[in-house]
Amino acid sequence: MKYIDNVDFAKKLQTTSGNIDTQNLIRASELLEELSGNLQYTISGYINNKNKPVLTVQVCGKIMTLCQNCLEKLDISIDCTNDVPIFYTESDMDNAIFGDEAEYTDGVLADAHLYIQSFIEDELIMSLPIAPKHETCEPITYHDKPDSPFSVLTK
Ligand SMILES: [Zn+2]
């Protein structure tokens, strides 16, 4: 399955799972400068107690990137599970996530052709550390701000 009709998928309590090669994830790769590894995902749909369709997304795997401190290779274990409610309009979604009575932290718009890879990529990006680094390592010395996630871009 490459695409799902997300509302229908949730209403029918469907489940799908698969693998994604992170080298195909352009946005995440640009964010991290270098990215490889495979992710396994499972998406399950349900209707919550407020009668809202929700997708439960589970993503796990090991990805390889560069440490933002020393620029050597760094493995990151990804293991996240998120409930992503589906909204019918952008304003509904904004209110529910950012409004005064916000009750959700994540959301996706109703989409009859939700591209799974891109949806998983969004979840991956949200679960990534802002500046991935080794727990201990020697910082590179030729940058003003070795901690900046974008320092590698200015090299
Ligand atoms: Zn390092």
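In case you missed it, the structure is sitting above this.
Because the structure is a prediction, the values reported are computed rather than measured. (Residues numbered from 1 in each chain as written. Predicted model: local features only at pLDDT ≥ 70, side-chain atom pairs only at ≥ 80, totals over all residues.)

(A) Summary view of the overall build of the protein. Summing up its helical and strand segments, the protein has 4 helices and 7 strands in all. In sequence order, the secondary structure elements of the protein are arranged as β-α-β-α-β-β-β-α-β-β-α. Within the span of the protein, comprising 155 residues, buried residues form 23% of the whole. (Helix = DSSP H or I, 4+ residues; strand = E, 2+ residues; numbered from the N terminus. Buried ≥ 20, exposed ≤ 12 C-beta atoms within 10 Å, placed from the backbone.)

(B) Spotlight on the sheet that holds strand S5 (residues 73-87). The sheet built from 5 strands is open, its strands ordered S2-S3-S4-S5-S6 with mixed pairing. With partners counted over all chains shown, the strands left at the sheet margins are strand S2 (15-21) and strand S6 (108-109), one partner each. (Pairing = 2+ DSSP bridges.)

(C) Broad picture of the environment of Ile-20. Mapped onto the fold, Ile-20 is located in strand S2. Ile-20 sits 100 residues away from Ile-120 along the chain, and the two C-alpha atoms are 8.6 Å apart. Not counting the four nearest positions on each side in its chain, Ile-20 is found in contact with Asn-38, Leu-39, Tyr-41, Gln-117 and Ile-120. (Contact = placed C-beta atoms within 7 Å.)

(D) Expanded view of the nonpolar core. Ranked by internal contacts, the top residues of the largest apolar core, which has 23 residues, are Tyr-41, Leu-55, Val-57, Val-59, Ile-120 and Leu-124. Taken together, the elements giving at least two residues each to this core come down to helix H1 (6-11), helix H2 (26-32), strand S3 (36-47), strand S4 (53-66), S5 and helix H4 (116-127). In terms of residue count, S4 provides more of this core than any other element does, 5 residues in total. When neighbours within four sequence positions are excluded, Leu-55 is seen to be in contact with Asn-6, Ala-10, Ile-43, Gly-45, Val-84, Ile-86 and Val-108. (Core = buried A, V, L, I, M, F, W, Y, C linked by C-beta atoms within 7 Å.)

(E) Summary view of the pairing of S5. In terms of strand pairing, S4 meets S5 through 13 bridges, oriented antiparallel. The residue of S5 that forms the bridge with Ile-63 is Ile-76. Sheet topology places S5 next to S6; 2 bridges connect them, and they run parallel. Pairing of Ile-86 across the sheet is with Val-108, part of S6.

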